[in-house]
Amino acid sequence: MQTSTAIQTWIDQQLTNNPPRAKSLVMTVFGDAIAPHGGTIWLGSLISLMSHFGINDRLVRTSVFRLAEEGWLEAKRDGRRSTYQLATASYARFQHAYKRVYVPQTGKWDHYWTLVIMSGDDTSTGNKASLKKELLWEGFRMINAGVFAHPQADTAALQNVLGRNGFAGLCTVCRSSDLNLPNARPLPSLIASHWQLDEVNIAYKNFIEAFSPLKKLVQGQHLPEHAAFVIRSLLIHSFRRTQLHDPNLPSSLRPEGWLGDEAYRLCRDLYRACFRPAEYLLSQALDPEHRQDGGLSLQERFGGLF
């Protein structure tokens, strides 16, 4: 079997056995492919891109309509045609989420934990349910009523989460470390009871098993542009869904046999193999009026693509 045929067989099997939801995949394509080139695309061009995944125009239209309703995208009319772009209000969240995908986890840690403490007086202020949800996305866990903790928090992202949900200046945020008292429970003992790392590790294992066969197939190959775009998008779509459930703990707090680093390396290697032909396809799909240079944010993905 020729390599190109084997690659197409893998794509067909992936789309059949694990078909991505149209709305979620549109978000992936916007974040990975459209955002670094200006973030705007004609609806017709987006429909053409999504057709490579077997997603019809009706599903694309429904997906972008719902994403616009939810505040992720903005629609603009130009005569009889429409463009979609990333909403200004969601851009920072978008960038932060994808930064986690392209940057490797760091093992450095100063052994201080970040605590977010909600006051009982804050129950009627802000969006408490949304705040809890976003703190969980950032890797925090509630260790007691109204107390969230993380050993290696992104303080800029935390500040953004608090402000966006109406809790700016209302929560107490502090750093804490163990006193190493002989009769006290150490902070790292909280990991096993509050962070479900086994589930995340299983997800990494499934990602590795699904995408490892591609590594030999794409190595040293000149991939067709459409195949490269589909693989790159499915790759980031799958890795993003797995990685964003990873609380990004310091290496000393991860369990033995942690697969996050191996999954990242596999994603990096496949992304580099697909990058140039996929970018060529995008250059044909994106209108020059909207297209912008991806800049350093694109070039520096996975430690450098050029």
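Here the structure is a predicted model, which means the values were calculated and not measured.

1. Some thoughts on the overall build of the protein
Counting its regular elements, the protein contains 12 helices and seven strands. On C-alpha atoms alone, the protein measures out to a radius of gyration of 21 Å, which is about the 19 Å that the 2.2 N^0.38 rule sets for 306 residues. Dimensions of the protein, computed from C-alpha atoms along their principal axes, come out at roughly 65 × 50 × 35 Å. In the protein, 80% of the contacts between residues at least 6 apart in sequence involve partners at least 24 apart. With the model as given, the accessible surface of the protein reaches about 15,800 Å², and the carbon-plus-sulfur share is 50%.

2. Some thoughts on the UniProt feature "domain: Transcriptional repressor PaaX-like N-terminal" (unreviewed entry) in the protein
Sites flagged by UniProt as "domain: Transcriptional repressor PaaX-like N-terminal" (unreviewed entry) map to residues 21-87. Along residues 21-87, the helical share is 51% and the strand share 22%, with 21 Å between the first and last C-alpha atoms.

3. Some points on the pattern of salt bridges
Considering all chains together, one arrives at 10 salt bridges under this definition. Between Lys 205 and Glu 209 there is a salt bridge, and its shortest N-O distance comes to 2.6 Å. Here Lys 205 pairs with Glu 209, and both are found in helix H9 (residues 197-218), just four residues apart, close to one helical turn. Residue classification places Lys 205 among the partly exposed residues on the basis of a relative accessible area of 40%. Between Lys 215 and Asp 269 there is a salt bridge whose closest N-O contact spans 3.0 Å. On the criterion of sequence distance, the pair formed by Lys 215 in helix H9 and Asp 269 in helix H11 (residues 260-285) is long-range, its members being 54 residues apart. Lys 215 gets classed as partly exposed once you look at its relative accessible area, which sits at 36%. With relative accessibility at 25%, the residue Asp 269 sits in the partly exposed group. Through salt bridges with shared partners, a single network forms among Asp 32, Arg 232, Glu 279 and Arg 301.

Conventions we followed
Residues numbered from 1 in each chain as written. Predicted model: local features only at pLDDT ≥ 70, side-chain atom pairs only at ≥ 80, totals over all residues. Heavy atoms only, no water. Helix = DSSP H or I, 4+ residues; strand = E, 2+ residues; numbered from the N terminus. Rg over C-alpha atoms; globule rule 2.2 N^0.38 Å. Contact = heavy atoms within 4.5 Å. Areas by Shrake-Rupley, 256 points an atom, 1.4 Å probe, with all protein chains shown as cover. UniProt positions renumbered as here; feature names shortened; annotations may be inferred. Salt bridge = Lys/Arg side-chain N within 4 Å of Asp/Glu carboxyl O. Buried < 20%, exposed > 50% of the residue type's maximum accessible area, 1.4 Å probe, protein only.

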